Amino acid sequence: MTDEERRRLRDAFLQLDTAKYTYPDGVTYWDKQEEVHKGAHAAGQDVHGGPAFLPWHRELVNRLEGLLR
């Protein structure tokens with residue numbers, strides 16, 4: 001990855017956490033991703049150790065990639 005590519009990726013991540021990019025409930029795109037991730041650990045569940053981890057994580061990453069585009 002070039003320095004320019006790294007800068008552009010960093011800037012894309014930073015933009016996801018600005019007021020310019022929010023869902024109707026006012027939560028930034030970045031914070032919504034965090035809500036989804038934290039929700040997977042609700043009530044002490046750890047999705048990282050179960051059989052649903054790979055499809056769940058793939059969906060989470062797909063959503064993040066879409067936001068970055």
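Scope of this entry: the structure provided in the associated data block. Every residue gets a number counted from 1 within its own chain, in the order that chain's sequence is written. Owing to the predicted nature of the model, reporting of local features is limited to residues with pLDDT of at least 70; listing and counting of side-chain atom pairs is limited to 80 or more, with chain, interface and lining totals taken over all residues. Note that the side-chain values use all heavy atoms of the structure and ignore hydrogens as well as water.

1. Some thoughts on the overall build of the protein chain
1) Next: Within the protein chain, the secondary structure is distributed over three helices and zero strands.
2) Next: Secondary structure is summarised from DSSP: a helix means a run of H or I of at least four residues, a strand means a run of E of at least two, and numbering begins at the N terminus for each. What you see in the protein chain, going N to C, is helices and strands ordered as α-α-α.
3) Next: Radius of gyration: over C-alpha atoms. The globule rule applied is 2.2 Å multiplied by the number of residues raised to the 0.38 power. For 69 residues, the compact-globule estimate of 2.2 N^0.38 gives 11 Å, and the protein chain exceeds it by more than 25% at 14 Å.
4) Next: Across its three principal axes, the protein chain shows a C-alpha extent of roughly 40 × 30 × 15 Å.
5) Next: Burial statistics for the protein chain: of 69 residues in total, 14% are counted as buried.
6) Next: The contact definition used throughout considers only heavy atoms, calling two residues in contact when any of these lie within 4.5 Å. Partitioning the intrachain contacts of the protein chain with sequence separation of at least 6 by distance along the chain shows that 33% fall at a separation of at least 24.
7) Next: Only the protein chains shown count as covering a residue, and every accessible area follows the Shrake-Rupley method with a 1.4 Å probe. Roughly 5300 Å² of accessible area belongs to the protein chain as shown, and the carbon and sulfur atoms make up 56% of that amount. Buried, partly exposed and exposed residues are distinguished by accessible area as a fraction of the type maximum, computed with a 1.4 Å probe on protein chains only: under 20%, between the cut-offs, and over 50%, respectively.

2. Here's the deal with the packing of aromatic side chains
Where two aromatic rings form a pair, the distance of their centres and the angle of their planes describe that pair.
1) Next: Aromatic rings from Phe, Tyr and Trp, with only the six-membered ring used for Trp, were paired whenever their centres fell within 6.5 Å, and each pair was classed as stacked if the ring planes differed by under 30 degrees, edge-to-face if by over 60, and tilted otherwise. Scanning the entire structure with this criterion turns up four aromatic pairs.
2) Next: Judged by centre distance (5.9 Å) and plane angle (55 degrees), the ring pair of Tyr 21 and Tyr 29 falls under tilted.
3) Next: Within the aromatic cluster, the residues linked to one another by ring pairs are Tyr 21, Tyr 23 and Tyr 29.

3. Topic: the pattern of salt bridges
1) Next: By salt bridge we mean one thing: a side-chain nitrogen of Lys or Arg within 4 Å of a carboxyl oxygen of Asp or Glu. In total, this model carries eight salt bridges according to the counting rule given.
2) Next: Across the salt bridge formed by Lys 32 and Asp 25, the nearest N and O atoms sit 2.6 Å from each other.
3) Next: Through salt bridges with shared partners, one network takes in Glu 4, Arg 7, Arg 10 and Asp 11.

4. Points about the side chain of Thr 28
1) Next: Relative to the elements of secondary structure, Thr 28 occurs in the loop between helix H1 (3-15) and helix H2 (29-39).
2) Next: Judged by its relative accessible area of 10%, Thr 28 is buried.
3) Next: Think of a polar contact as two N or O atoms within 3.5 Å of one another; within protein, one of them needs to be a possible hydrogen donor and the other a possible acceptor, and neighboring residues in sequence only count if both atoms come from side chains. A distance of 3.0 Å separates the side chain of Thr 28 from the backbone nitrogen of Asp 31, its partner in a polar contact.

Treat this as a map of the structure, not an account of what it does.
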